[in-house]
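Residues per chain, in single letters:
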Amino acid sequence: MQQNYSYELAENQGENFHPLFVPQLTPKEMLSLGIFGGKYLTDCQEEFPADWFIDAKLSPFKKDISLNYFSVDASQSLSQWQANGWIHPQDPRGWFQWYCRYYLGRRTDEEDLRQIKRWRAFKRHYSAVAKFCERYDFSCRKKQRQALLHWSYDSRNI
């Protein structure tokens, strides 16, 4: 999907995040829990650390919802993300690709701030699950819980 793209790492992996950006899960943890029906980063693994993929739940050919932690589809299509203007050319797969690269140490000031703002806005779903579900009732709001995992919020703790 993206060829001949390179970037510099300005920070050490997993360090020196913007103070307003405090993700609850690393990309490796997210991949091992099961996100995006396993159909994410399946064709560009060489860009990321090999250990991220040891326990990753991946589906190389098509999205497999059974691989998601909550076994529900909580994703919109890439074309929908593009239509909504949520995709930046440097990360054509969207937020999670941005987060993976940010986690590795890439920094792009303007785009980082945009994505961090989007991540912070998504927390409203965390509050909704906490408000309307009994603690640890994973059958309550499964789609919202899965979507939270896609955004590095650990909905297993609600």
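Residues numbered from 1 in each chain as written. Predicted model: local features only at pLDDT ≥ 70, side-chain atom pairs only at ≥ 80, totals over all residues. Heavy atoms only, no water.

## Digging into unusual backbone geometry
A positive phi angle, close to 65 degrees, is found at L41, a residue other than glycine. Summarising the element assignment, L41 is placed in the loop between α1 (27-33) and α2 (78-83). A relative accessible area of 1% means that L41 is categorised as buried. Even without a glycine there, the phi angle at S71 is positive, about 55 degrees. Relative to the elements of secondary structure, S71 occurs in the loop between α1 and α2. (Helix = DSSP H or I, 4+ residues; strand = E, 2+ residues; numbered from the N terminus. Buried < 20%, exposed > 50% of the residue type's maximum accessible area, 1.4 Å probe, protein only.)

## What about the state of the cysteines?
Overall, the coordinates contain one disulfide when judged by the stated rule. Here C44 stays unpaired: no disulfide links it, and the sulfur of C100, its closest cysteine neighbor, is 8.3 Å away. Residue C100 is classed as buried on the basis of its relative accessible area, which comes to 0%. (Disulfide = S-S within 2.5 Å.)

## Some details on the packing of aromatic side chains
Summed over all chains, the structure comprises 24 aromatic pairs. Ring centres of F17 and Y103 lie 6.0 Å apart, and the angle between their planes is 75 degrees; on these two criteria the pair is classed as edge-to-face. With F17 in the segment before α1 and Y103 in helix α3 (residues 95-104), the pair connects residues that are 86 residues apart, well separated along the chain. Under the relative-accessibility criterion, F17 is labelled partly exposed at 22%. On the numbers, 6.1 Å between centres and 80 degrees between planes, the contact of Y99 with Y103 is edge-to-face. Placement of both Y99 and Y103 in helix α3 is noted, with a separation of four residues, approximately one turn of the helix. For the pair Y99 and Y103, a shared accessibility class is recorded, and that class is buried. (Phe/Tyr/Trp six-rings, centres within 6.5 Å; stacked < 30°, edge-to-face > 60°.)

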